[in-house]
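Architecture and fold: a report
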Amino acid sequence: MSSRRWVALLLALIAAWWTPGCGDDGPGPDGSDAGVDAGADATADATPDAGPQGLDLDLGELVRVEPDESGVAAVTLLTESGDEEFLIMVQSRTDEQLAERPFTVSSAQARARRSLAATAPQRRAAWGCFSAGGQVSMDRVLEGLHGLPPPRGQLPWPGPQPVPPPDVGDMVDFEIGTDGGVVTVACEVLLVSSSLVVVLDRDTDPTLQIDATMLGDIAQGFADVVLPRERIFFGEESDVNADGHVTVLFSPLVYETGATAYVNPYDLVTDPAARPPGVAANDQELLYVTPPQLLPPHMGTVRGILETLAHEFQHAIYFYRKYQLNDMVDQPESAYITEGLSALAQDLTGYQAGNFFVSMAGLDSMDDISINDLVASVGWYIQDRDGPLRGGAYNLLRYLYDQAGGDTLLPDGSVDMASSPGVAWLRALVDSPLLGVASIEAAAGQDLVDVATDWFTAQMVDDRTDGEGQPLNTDPRYNYLPTATDPITGRTRGTSMFESFGGMVDKTGPVVRELAAADGGIRPGGAEYLHLAATASPTTSFTIAADPEYVDPLLVIFRIR
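All figures in this text were calculated on a predicted structure; none of them were measured in a lab.

A closer look at the overall build of the chain
Along its length, the chain carries 12 helices and 22 strands. Counting only residues that meet the buried cut, the chain has 58% of its 561 residues in that class. Of the accessible surface of the chain, which amounts to about 20,700 Å², a share of 49% is contributed by carbon and sulfur atoms.

So this is what it looks like as C-alpha cells:
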C-alpha cells in the first residue's frame, strides 16, 4: 500500500485525550424547576394534524413538523393560557459536510436572517492533545451486523518471535516518533505485573521518577478493572509479541507532542514490509503516556492515569479488531467514531471523570456539531471544533449503547451478561468490517438521518422535569438510561444532559437560543435548539424557512411548560 495511505491511517489512529478542567433530579426547561404539572408521555408524530386552529400539545408532548417543498414550515400553536413554553429543534437532514447554511425565523417575536459563506474549517492531523417507541429491539439493532463476514481471527501476517517479558531494572530501547523524526530512547523497566509492563524514558530527562506505590496501584487497577472490563465490552486485545503483557511507556517526548497519551498502530503492524520506511514501530502492545509529574494535578493521579489508559487501550483494541483482523489496515475511519468509543471506554471501565467535561463541551456547542462530521469525516480532527465534536461523539456513542440496552453491573462489579444487551451490540460494532456511516447505520438499524433525528431530540428531552421533579417525557427513544454508581470505583457510569460534577459544575442541557435570538445559521447534518415562550392567547405562530437543497429542515416541537 502507498506511504500516503499509511500516513493518513496513522494520523487517524494515533489518539490523544485531555481533560479541560479541574445528580440531582433533572432541572426544568430553564435549568430550574418549571413549576408545572407533569404531562403524559407523547411520541413525536411524523405528520401531526394541526386541526383548523393549530397544534395543541400537552405538557411533555413532541411533534415533528415537515416543511413544504420550498423548505418553509409555518406553525401555529394553541396557547390557551398565554404562558406556555416550547423548545423547537431545527434539524438539517442533508449529508453535506463543512459548510454552514442559512435559515430564517419569522414570528411576532423574531426575525433573523444571515448569509453564510461556505468556508471549510481548519483541520488538524490526529496527533497531539487538544484542549425509541421503546428501546430499539436487539433484532433491529443488530440486523445490519448479522450475516457479515466475521473477522479473520488471526493476523494477516506472522508476528515477531515470542519474547518473554523483561525484568524490573532492565534497560530496553524503544522507538518514538517526534516532529524531528524517529528517535530511540533507553527505558528502565520499573514494574512487571501479571498484565502490565511499565517503563520510563531515561534518556530524555533522567531526573524524572514515578512513585513505586503509585505504580503498584496503577498495575492493580489495570489488572483488576480496566483490562477485564475492556475485554468484555470491546473484545480481546492483540498480543503480537506473545508476551502476555501491555506496555506503558512514560516519556517526556509524549508531553512535547502536546498529548496526554496516544497509541501508535505501527507497533501492532509487525510485518516490516507492510510498514512505510521512517516510522516508529516496537512490535508490541504499547501505550505512550506523559509522566505524572508533567500532567495537571487532577490527571497525574492513579485514577487519572487509569482513565487515560482505559481510553488509549480501547484505541489499540479497536485497531486490532476492526482493522487487523478484518485485513483492511489501509482503510480510514472517522476520527470521532474512534474518539467516541474511547470516551465510552472511560465510562464503561468505571474510571470516567474527564468525560463529564467532554460531554458538557459537546452540549454547550451543539449548534456547532454535525452528525456528518462525527461519522463521515475521516483521517483528521477538525481543529476549530475539535473539543465539541469529541463531546458530541461520546454523547452519540453512549446514546446508541443505551438504546441497545446498556449493561448491568452486579454488586461485585462483574457484568451481568443476561441483563446487558448493549455489550453484544458494542462487540458487534467493534468487530464488524463496516466503517463510518455504514457502521453506525448498521449498528443503529436505521438511516443516519433517522439516527440523528432521534439523538438530537434526546439531547433536548433527556432529564427535563416538571415542578415536582417528574420527567416531562419518558419515551426511551429520547432519554439516556439512568446513570449509576460503579460498585468498584465509585464513579458515575453513563451520562445525563443535566447532572452535576461533585456539586461544583452543572450540565444544563444543549445550548438553546431564544427564538428572537436565532443566529440564522445551521450546519448540514446538525441541529439548532430554540426556545419559544407564548405571549398571547389563544395562538402563537412562527415560520422557519431554509433552502431544502442545502438544509432540508425538520422541526421537532416539545412543550416544556
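Things to note about the pattern of salt bridges
Scanning all chains against the criterion turns up 23 salt bridges. When the shortest N-O distance is used, the salt bridge between Glu188 and Arg202 registers 2.8 Å. With Glu188 in strand β8 (residues 181–192) and Arg202 in the loop between β9 (196–201) and α3 (212–234), this residue pair connects regions lying 14 residues apart in the sequence. Given the relative accessible area of 17%, Arg202 is considered buried. Note that Arg231 is salt-bridged to Glu236, the shortest N-O span being 3.5 Å. Arg231 gets classed as partly exposed once you look at its relative accessible area, which sits at 29%. Owing to a relative accessible area of 42%, Glu236 belongs among the partly exposed residues under this scheme.

Section: unusual backbone geometry
A positive phi angle, near 70 degrees, is found at Asp463, a position not held by glycine. Looking at where Asp463 falls in the secondary structure, it is placed in the loop between α12 (448–461) and β14 (484–485). The class of Asp463 is partly exposed, set by a relative accessible area of 28%. Despite not being glycine, Asp552 has its phi angle at roughly 50 degrees, a positive value.

Digging into the sheet that holds β9
With mixed pairing, 6 strands are arranged side by side in an open sheet as β7-β8-β9-β10-β12-β11. The sheet terminates laterally at β7 (171–178) and β11 (261–263), the two strands that pair on one side only. Taking the axes of each pair of neighbouring strands and ignoring which way they run, one obtains an average angle of 30 degrees across the sheet. Here 3 bridges tie β11 to strand β12 (residues 286–289), and the two strands are oriented antiparallel to one another. Counted as the bridge partner of Ala261 is Val289 from β12. Each of β10 (246–250), β11 and β12 is contacted by helix α5 (residues 302–324), which is oriented at about 20 degrees to β11, the strand it contacts most.

What about the packing of aromatic side chains?
Tallied over the entire structure, the rule returns 11 aromatic pairs. The interplanar angle of 75 degrees and the centroid separation of 5.3 Å between the aromatic rings of Phe356 and Phe357 together place this pair among those described as edge-to-face. An identical accessibility class is assigned to Phe356 and Phe357; each is buried. Taking the centre distance of 5.3 Å and the plane angle of 40 degrees together, the rings of Phe356 and Phe501 count as tilted. Of this pair, Phe356 sits in helix α7 (residues 354–364) while Phe501 sits in strand β16 (residues 500–501); the two residues are 145 residues apart in sequence, bridging distant segments of the chain. For Phe356, a relative accessible area of 8% puts it in the buried group. Grouped by ring-pair contacts, the aromatic residues Tyr318, Phe319 and Tyr323 constitute a single cluster. For Arg101, the ring lying beneath its charged end belongs to Tyr550, and the centroid distance is 4.0 Å. Sitting above the plane of the Tyr381 ring, Arg390 keeps its charged end 4.5 Å from the centroid.

A word on the packing of α3 against α5
The interhelical angle for the contact between α3 and α5, taken along N-to-C directions, is 40 degrees, at an axis separation of 10 Å. Every pair of crossing elements has a handedness; the one defined by α3 and α5 is right-handed. Along its contact with α3, which presents Met214, Asp217, Ile218, Gly221, Phe222, Val226, Leu227, Glu230 and Phe234, the element α5 presents Val302, Ile305, Leu306, Leu309, Ala310, His311, Phe313, Gln314, Ile317 and Arg321. The residue makeup of the contact of α3 with α5, split by class, is 13 nonpolar, 3 polar and 3 charged.

So, helix α6 (residues 335–349)
Helix length check: α6, at 15 residues, gives a terminal C-alpha distance of 21 Å against a target of 21 Å (1.5 Å per residue), a fit within 8%. The first or second residue beyond α6 is Gly350, which carries a positive phi of 95 degrees.

What about α7?
With respect to burial, α7 is a largely interior element, 9 of its 11 residues being buried. If you check which residues of α7 are buried, you get Gly354, Asn355, Phe356, Phe357, Val358, Ser359, Met360, Gly362 and Leu363. Against the buried residues of α7 lie α5, α6, α9 (386–403), α12, β16 and β17 (505–506).

Overview of the packing of α7 against α9
Describing two packed helices takes the angle between their axes plus the distance from one axis to the other. It is the contact of α7 with α9, at a shortest axis distance of 7 Å, that shows an interaxial angle of 105 degrees. On the basis of their axis angle, the class for α7 and α9 is roughly perpendicular. Of the residues in α9, those in contact with Asn355, Val358, Ser359, Ala361, Gly362 and Leu363 of α7 are Gly387, Pro388, Arg390, Gly391, Gly392, Tyr394 and Asn395.

Overview of the environment of Asp201
Mapped onto the fold, Asp201 is located in strand β9. Asp201 sits 51 residues away from Pro252 along the chain, and the two C-alpha atoms are 7.6 Å apart. Every residue in contact with Asp201, bar those within four places of it in the chain, is listed here: Val185, Ala186, Cys187, Leu249, Phe250, Ser251, Pro252 and Leu253. In terms of polar contacts, Asp201 uses its side chain to reach the backbone amide nitrogen of Asp203, at 2.8 Å.

Description of the environment of Gly391
Position of Gly391 among the secondary structure elements: in helix α9. Leave out the neighbours within four places in its chain, and Gly391 touches Val358, Ser359 and Gly362.

Calculation notes
Residues numbered from 1 in each chain as written. Predicted model: local features only at pLDDT ≥ 70, side-chain atom pairs only at ≥ 80, totals over all residues. Heavy atoms only, no water. Helix = DSSP H or I, 4+ residues; strand = E, 2+ residues; numbered from the N terminus. Buried < 20%, exposed > 50% of the residue type's maximum accessible area, 1.4 Å probe, protein only. Areas by Shrake-Rupley, 256 points an atom, 1.4 Å probe, with all protein chains shown as cover. Salt bridge = Lys/Arg side-chain N within 4 Å of Asp/Glu carboxyl O. Pairing = 2+ DSSP bridges. Axes fitted to C-alpha atoms, helices over the stretch in contact; angles between N-to-C directions. Contact = heavy atoms within 4.5 Å. Phe/Tyr/Trp six-rings, centres within 6.5 Å; stacked < 30°, edge-to-face > 60°. Lys NZ or Arg CZ within 6 Å of the ring centre and 35° of its normal. Left-handed = near helix turned anticlockwise from the far one by under 90°. Nonpolar A, V, L, I, M, F, W, Y, C, P; charged D, E, K, R; others polar. Expected span 1.5 Å × (residues − 1). Parallel < 35°, antiparallel > 145°, perpendicular 65-115°, else oblique. Polar contact = N/O pair within 3.5 Å; in protein donor to acceptor, adjacent residues only side chain to side chain.

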